[in-house]
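Results of the structural survey
Residues per chain, in single letters:
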Amino acid sequence: MNLFEIFHQRREKKLHKILHDYYAKDSPYLVIDAARGRKINDTSRKILHGFIINSFIPFLKENKIKWFSQIKPVIMNKFQNHLLFDKNLLPQSINRQISGIKAIFNHLYMTGVIKNNIIKDIAPLRTMNAMIRGCYSMEELSGIFKIPWEDKKAYLLCSLIYSTGLRNSELQNLKVKDIIFKEDIHFLNILKSKTDAGIRMIPLHPKILTSIKEWIEEKNLTPENYLFSKTGDHRIFKAAKKANIYMGAMVGKTAADLRDDNITFYSGRHFYKTMLNSHNLGDIEELFMGHKVGRNVSERYNHKNKRSSIELLKKAREALEIIDISLF
């Protein structure tokens, strides 16, 4: 092997190694990113790590891409098309993954590993047939969680997202010990979320709490156990999709109807917002949903402060009354 071949073999190994290691656990690259203000949660890190290993690196090898300078806009465009047509990924999903790759190149450019950031201007894909996310009407779901459901897991998943507005990832990360009691109300204590604003307490309806307790006893769960997943790596999205279809059947909608109306499991979070807004609950709706709020609103309902805690409990009771009227 001549010196030219050795040189490029080293560059090839460096390319694949950096890509492979960038989103690995305890990655030194992410330590630097976090110090510079780019922080990602562990779920996102794992998803991006798997994407790089299982999709991006194999694509580069298949196209004989051996060093960084070969990854040009035309290659990334080809990769986008590969994900779109061969892997059948949605444009928004592709854009999220590509943004993870862009972050790698931004880092490498800023730290002098590469001389040119050749993919910083890659255009994101546009969804030509974008649909507004569907949502059930208040009338359709009146009393939905009062009637018997044969599928217990579907009942719990749907009743939780429709009565708390949890994000999918928050529901996945929910542990038994995250159910806490304050005064006369049970809350979900969300300590792990996609944003800092997502760290919050959400009032839990007592009828749903009863069903959760039965689930915990049936599954013999301990305080450290996840409610619906075996480990932190075990994603629940297939179960959530199944639960969404089951709920649709409860109100007379087929799977095709749900697709046509664009009603997904995540629609429960939209319904929760609509439900609270319809009763003019006010700014507390933002705190229960984990949106970013102004300082005055945050201080007003800070549960660590006694006066603010009283206001939070008052609004929590109002929210539970609305949930009871709307869903039970």
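Presented here is a report on the structure given in the accompanying data block. Computed from a predicted model, the values in this text were never measured in an experiment. Think of each chain on its own: its residues are numbered from 1, step by step along the sequence as written. A pLDDT threshold of at least 70 governs which residues receive local features in this predicted model, and a stricter bar of 80 or more applies before side-chain atom pairs are shown or counted, although totals over entire chains, interfaces and linings include all residues. Side-chain measures were taken over the full set of non-hydrogen atoms in the model, leaving aside hydrogen atoms and water.

Considerations on the packing of aromatic side chains
Basically, it comes down to this: Each Phe, Tyr or Trp ring (for Trp, its six-membered ring) is paired with any other whose centre lies within 6.5 Å, and the angle between the two planes then decides the class: stacked below 30 degrees, edge-to-face above 60, tilted in between. A run of DSSP states H or I qualifies as a helix once it reaches four residues; a run of E qualifies as a strand once it reaches two. Both are numbered from the N-terminal end. Accessibility here uses a 1.4 Å probe with only protein chains present; expressed as a share of the type maximum, an area under 20% marks a residue as buried, one over 50% as exposed, and anything in between as partly exposed.
Summed over all chains, the structure comprises 15 aromatic pairs. On the numbers, 5.0 Å between centres and 50 degrees between planes, the contact of Phe56 with Phe79 is tilted. Residue Phe56 is located in helix 3 (residues 42–62), and its partner Phe79 is located in helix 4 (residues 73–86); the two are separated by 23 residues in the primary sequence. Given a relative accessible area of 0%, Phe56 falls into the buried group.

A closer look at the side chain of Asp178
Formally: Residues counted as positive are Lys and Arg, residues counted as negative are Asp and Glu, and His and the chain ends are not counted. A carboxyl oxygen of Asp or Glu within 4 Å of a side-chain nitrogen of Lys or Arg is what we treat as a salt bridge. The definition of a polar contact used here is a pair of N or O atoms within 3.5 Å, where within protein one atom must be able to donate a hydrogen and the other to accept one, and adjacent residues in sequence count solely through side-chain atom pairs. Here, two residues are considered to be in contact whenever any of their heavy atoms come within 4.5 Å of each other.
The residue Asp178 is located in the loop between helix 7 (168–172) and strand 1 (179–182) in this model. This buried residue, Asp178, is left without a salt bridge; Lys177 holds the nearest opposite charge, at 5.9 Å. Polar side-chain contacts of Asp178 include one of 2.8 Å to the backbone nitrogen of Lys175. Sequence-distant contacts of Asp178, defined by excluding residues within four places in its chain, comprise Asn173, Phe187, Leu188 and Asn189.

A word on the pairing of strand 3 (residues 200–203)
In plain terms, the rule: Whether two strands pair comes down to DSSP finding at least two bridges between them.
Burial along strand 3 is two-sided: Arg200 and Ile202 facing one way and Met201 and Pro203 facing the other are all buried. Pairing geometry for strand 2 (residues 185–190) and strand 3, over four bridges, is antiparallel. Each bridged residue has a counterpart across the sheet, and for Phe187 the counterpart in strand 3 is Pro203.

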